[in-house]
Amino acid sequence: MKIKVKPEDFIVKEQTDFKSSDNGKYYLYMLEKTGWNSIDALKLIARENNLSFNALSYCGKKDRYAKTYQYITSDRKLAKTHINENVTLTFISRTYDRAAPSLIIGNRFEIKIRDLTKEIILRIKERIDEVKKYGFPNYFGEQRFGSYDKNQGFFAEKFLKAHYNGALKCLLCSIHTEDKKEEKERKRIFLERWGDFSSLKEYAKTGVEKKIFQLLSEKPKAFLNAIHLYPEEEISMAFSAYQSYLWNNMIKKLLLTKNVTDRIQIKEWIYPAYLRLSEDEFKFFKDMIIPVPGIKPHFERELAEKIYDEVLREEGLYQARFSQRKYRKVIMKSFPRAAIVIPEDLEILSESEDDLYQKKYALSLSFKLPRGSFATILLKSLMISS
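Residues numbered from 1 in each chain as written. Predicted model: local features only at pLDDT ≥ 70, side-chain atom pairs only at ≥ 80, totals over all residues. Heavy atoms only, no water.

## Concerning the overall build of the protein
The criterion, for reference: Secondary structure elements are defined from DSSP: runs of H or I of at least 4 residues count as helices, runs of E of at least 2 residues count as strands, and each element is numbered from the N terminus. Whether a residue is buried, partly exposed or exposed follows from its accessible area with a 1.4 Å probe, protein chains only, as a fraction of its type maximum: under 20%, in between, or over 50%, in that order. For this analysis, residues touch if any pair of their heavy atoms sits within 4.5 Å. Each accessible area is a Shrake-Rupley result for a 1.4 Å probe, and residues are judged covered by the shown protein chains and nothing else. When charges are counted, neither His nor the chain ends are considered; positive counts come from Lys and Arg and negative counts from Asp and Glu. Working definition for charges: the position is that of NZ of Lys, CZ of Arg, CG of Asp or CD of Glu.
Counting its regular elements, the protein contains twelve helices and 15 strands. C-alpha extents for the protein along the principal axes are approximately 65 × 50 × 50 Å. Within the protein, the proportion of its 386 residues that are buried is 50%. Long-range pairs, those at least 24 residues apart, make up 73% of the contacts in the protein with a sequence separation of at least 6. Carbon and sulfur atoms form 47% of the exposed surface of the protein, whose accessible area is close to 19,100 Å². Counting 69 positive and 54 negative side-chain charges, the protein places the averaged centre of each group 4 Å from the other.

Here is the structure:
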């Protein structure tokens, strides 16, 4: 199975709850993009319109490797809406609502799965009715873990445990698949020569890197101060990645209470999943809400609280850590999240010979998921074998 071979193979359309108003304070736009993540696209839009980045707001982050449609708001009308061939804006209306995640109702997906055999297509067709009926575990998908490097670990884990040296290394030395060759090599040098900060100033390329290594060459133990020089948006994503990892482990524990035996893989981690559920099991999972780890979690069931506490203990954490006072720009709030999700309008749009992979086939699907649920997890669930 291959997805996102072409951007148009993975189409995401954001569905929101904006209210139009002729006298609204904000200007609402539909952002259509390909090959850009949401943050970089907004930075480009702001630059092209001589605006501060903070003048723009968005509802949700959308994948770089897709064709996406999402809503943004601006504090004033944009002079330039055709940014380039891959980033364009369409004015919708004025509104009193500033774009925010809470305004997302869900996302509609149109996805082409490539490099399939006839046997796999048959299996997917058999699985669709089961997924429509029983749903799938609401794990956070790979996209949430873009800041994670298995060699460096999670920035937030180290930060919450006050290991600021290791946390900074996560930010500056973690290598990601989308990094360019020169960037990967630079990060390897950072790691190899870590501690010799005066020499690392010579290898720094970005403004942030230069500021950090200048600071550390003068104050070699000022790791926490150096973290404060790093972009707030990237720190926020790094915190979210660890919260998502903890929550996935909570759902893993929950599913194992019912002896679920099927498996899916998310990055290098293996998690339990299921083909179908008994009536009692379905009711048990469908009604289960487990809060994402953070400040002031709310528990509707004793079992949810028990699992939450067990995972934190296994990670060497305790609840008060989330109220960390060393970095106040980002607040690690808890929020409720359903254990499983039922897709809406899941259907096959087309089946055809694959125009890219010889003697293979392609299948196009469409469906809708609630805010925060991942299409890639649905696809993994469809591929589970009996």
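## Details of the packing of helix 2 (residues 118–134) against helix 12 (residues 375–382)
So the rule is basically this: Geometry is summarised by axes, namely lines fitted to C-alpha atoms with helices restricted to the contacting stretch, and by angles between N-to-C directions that run from 0 to 180 degrees. We call two directions roughly parallel when the angle between them is under 35 degrees, roughly antiparallel when it is over 145, roughly perpendicular when it lies between 65 and 115, and oblique otherwise. Residue polarity follows a fixed list, in which Ala, Val, Leu, Ile, Met, Phe, Trp, Tyr, Cys and Pro are nonpolar, Asp, Glu, Lys and Arg are charged, and the others, Gly among them, are polar.
Across the interface, helix 2 lies against helix 12 with an axial gap of 9 Å and an inter-helix angle of 120°. Our classification of the angle between helix 2 and helix 12 gives oblique. Each of Ile124, Arg127, Ile128 and Val131 in helix 2 lies in contact with helix 12, whose residues at this interface are Leu378, Ser381 and Leu382. Taken together, the residues of the contact of helix 2 with helix 12 break down into five nonpolar, one polar and one charged.

## Here's the deal with the pairing of strand 2 (residues 26–34)
Here is the rule we go by: Pairing between two strands requires that DSSP report at least two bridges joining them.
The element strand 2 is largely enclosed, with a buried count of eight among its nine residues. Of the pairings in the sheet, the one linking strand 2 to strand 4 (residues 67–74) comprises eight bridges and is antiparallel in character. Within strand 4, the residue paired with Leu28 across the bridge is Thr73.

## Digging into the packing of aromatic side chains
So the rule is basically this: Ring pairs are drawn from Phe, Tyr and Trp, using the six-membered ring of Trp, whenever the two centres fall within 6.5 Å, and their geometry is named by plane angle: stacked under 30 degrees, edge-to-face over 60, tilted for the rest. For a lysine, the NZ atom is tested; for an arginine, the CZ atom; a charge sits over a ring if that atom is within 6 Å of the ring centre and within 35 degrees of the ring normal.
Going through the model one piece at a time under the given rule, you end up with 32 aromatic pairs. Ring geometry for Tyr148 against Phe154: centres 4.4 Å apart, planes inclined by 35°, an arrangement best described as tilted. Residue class for Tyr148 comes out buried when judged on its relative accessible area of 12%. The side chain of Lys258 reaches across the aromatic face of Phe284, ending 4.4 Å from its centre.

## Quick notes on the packing of helix 4 (residues 164–173) against helix 5 (residues 181–192)
Pairs of packed helices are described in terms of their axes, by the angle between the two and the distance that separates them. Where helix 4 contacts helix 5, the axes come no closer than 9 Å and their chain directions differ by 155°. Between helix 4 and helix 5, the angle falls in the class roughly antiparallel. For the pair helix 4 and helix 5, contact is made by Lys169, Leu172 and Cys173 and by Lys187, Phe190 and Leu191, respectively.

## Examining unusual backbone geometry
Not every positive phi belongs to a glycine, and Asp115 is a case in point at roughly 60°. By secondary structure assignment, the location of Asp115 is in strand 7 (residues 104–116). You can call Asp115 buried: its relative accessible area is 14%. One non-glycine residue, Lys296, lies in the positive phi region at around 55°. One can find Lys296 in the loop between strand 11 (289–291) and helix 11 (302–314).

## Observations concerning the side chain of Asp63
What counts, and what does not: Any pair of N or O atoms that falls within 3.5 Å is considered a polar contact. Within protein, one atom must be able to donate a hydrogen and the other to accept it, and sequence-neighbouring residues count only if both atoms are side-chain atoms.
Following the sequence through the fold, Asp63 ends up in the loop between strand 3 (56–58) and strand 4. For Asp63, the side chain forms a polar contact with the main-chain nitrogen of Tyr65, separated by 3.2 Å. Ignoring anything within four residues of it in the chain, the contact list for Asp63 reads Lys4, Lys33, Trp36, Thr68 and Gln143.

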